[in-house]
Amino acid sequence: MTSSEILTKLEEMFPNAECELIHDNAFQLAVAVVLSAQATDVSVNKVTPKLFEVYPTPQAMAQADVKEIEKYIKTIGLYHNKAKSILGLAQGLVEKFDGIMPETMDELLTLPGVGRKSANVILSVCFNVPAIAVDTHVDRISKRLKFAYKNDSVLTVEKKLMKKIDKDKWNRAHHLFIFFGRYFCTARNPKCDECPFTSQCVDKKAKAMKGIE
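Read on for an overview of the structure. (Residues numbered from 1 in each chain as written. Predicted model: local features only at pLDDT ≥ 70, side-chain atom pairs only at ≥ 80, totals over all residues. Heavy atoms only, no water.)

## A look at the packing of helix H2 (residues 26-35) against helix H6 (residues 79-97)
This is how it is decided: Only the contacting stretch of a helix is used when fitting its axis, a line to C-alpha atoms as for every element, and angles between N-to-C directions run 0 to 180 degrees. Secondary structure elements follow DSSP: runs of H or I no shorter than four residues count as helices, runs of E no shorter than two count as strands, and numbering proceeds from the N terminus. Note on angle classes: values under 35 degrees are labelled roughly parallel, values over 145 roughly antiparallel, values of 65 to 115 roughly perpendicular, and the remainder oblique. Two helices cross in a left-handed way if the nearer one is turned anticlockwise from the farther one by less than a right angle. They cross in a right-handed way if the turn is clockwise. Any two residues whose heavy atoms approach within 4.5 Å at even a single point are treated as in contact. Note that Gly is not counted as nonpolar here; it falls among the polar residues with everything else outside the nonpolar set of Ala, Val, Leu, Ile, Met, Phe, Trp, Tyr, Cys and Pro and the charged set of Asp, Glu, Lys and Arg.
H6 packs onto H2 with a crossing angle of 155° between their chain directions and a minimal axis gap of 9 Å. Our classification of the angle between H2 and H6 gives roughly antiparallel. For the element pair H2 and H6, the recorded crossing hand is right-handed. Of the residues in H6, those touching H2 at Phe 27, Ala 30, Val 31, Val 34 and Leu 35 are Lys 82, Ser 85, Ile 86, Leu 89, Ala 90 and Leu 93. Looking at the contact of H2 with H6, its residues break down into 9 nonpolar, 1 polar and 1 charged.

## Examining the environment of Leu 108
Secondary-structure assignment places Leu 108 in helix H7 (residues 105-108). The spacing of Leu 108 and Pro 196 is 88 residues in sequence and 37 Å in space, taken between C-alpha atoms. Excluding residues within four positions of it along the chain, Leu 108 makes contact with Met 101, Pro 102, Val 114, Ala 119, Ile 122 and Leu 123.

## Some thoughts on the side chain of His 175
Quick note on the threshold: Buried residues are those whose accessible area, probed at 1.4 Å on protein chains only, stays under 20% of the maximum for their type, while exposed residues exceed 50% and partly exposed ones sit between those limits.
You can see His 175 is positioned in helix H11 (residues 170-183). Relative accessible area serves as the criterion here: at 12%, His 175 is assigned to the buried category. Dropping the residues within four chain positions of it, His 175 is found in contact with Ala 17, Glu 18, Cys 19 and Val 125.

## Focus on the pattern of salt bridges
For the record, the criterion: Note on definitions: salt bridges are taken to be side-chain nitrogens of Lys or Arg within 4 Å of carboxyl oxygens of Asp or Glu.
Under the defined criterion, the tally for this structure stands at 10 salt bridges. Between Lys 9 and Glu 12 there is a salt bridge whose closest N-O contact spans 3.2 Å. You can see Lys 9 and its partner Glu 12 sitting in helix H1 (residues 3-13), 3 residues apart, about one turn around the helix. Accessibility expressed as a relative area gives 54% for Glu 12, which makes it exposed. When the shortest N-O distance is used, the salt bridge between Glu 70 and Lys 67 registers 3.9 Å. Of this pair, Glu 70 and Lys 67 are both found in helix H5 (residues 66-73), 3 residues apart, which corresponds to roughly one turn of the helix. Here Glu 70 falls in the buried class, since its relative accessible area comes to 8%. Each member of the salt-bridge network shares a partner with another, and the members are Glu 20, Asp 41 and Arg 182.

In structure tokens form, the structure reads like this:
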């Protein structure tokens, strides 16, 4: 199947695929993305409403004590480090950009806690800039469906996806791959018996399940 055919099928399967991190603006999304590392969106969405109620702006969070921030996110894994990261993020926004989220990759990467994946999410979701953020789901799906090789780095996967998928579909592909990986082609128990991409998949178990050589 071509990349366009795969995306068309995924669109049929997940027409409502979108960012599931609750946010009202770019600052809130950036904080939520940092908190979501090695944590589920569901767990992040449980803590961010109160967090943003107390610290609604970068200026407010930049003045916070890290121990106070920890109180609101302590149910999330790695919360000590994440509290430091989002505090640094807020302070960086205030000091470098007057509290306004920048709209370029280079500028976003200067902010504490913001890596390439997070920057791509912000660019795509908040500013509609064509980008493909490669998280664990996108990485897994890309490799299972032969967009990339098993040992490819995250950056290599991103570059291959950008090459194989039309630029005007990058943002949509990001959400579709995430939903497919999160709700269908999961890491441990993929729904191979129902999958429309078995012949494309590199997983020998999936092929065996459907009698495909």
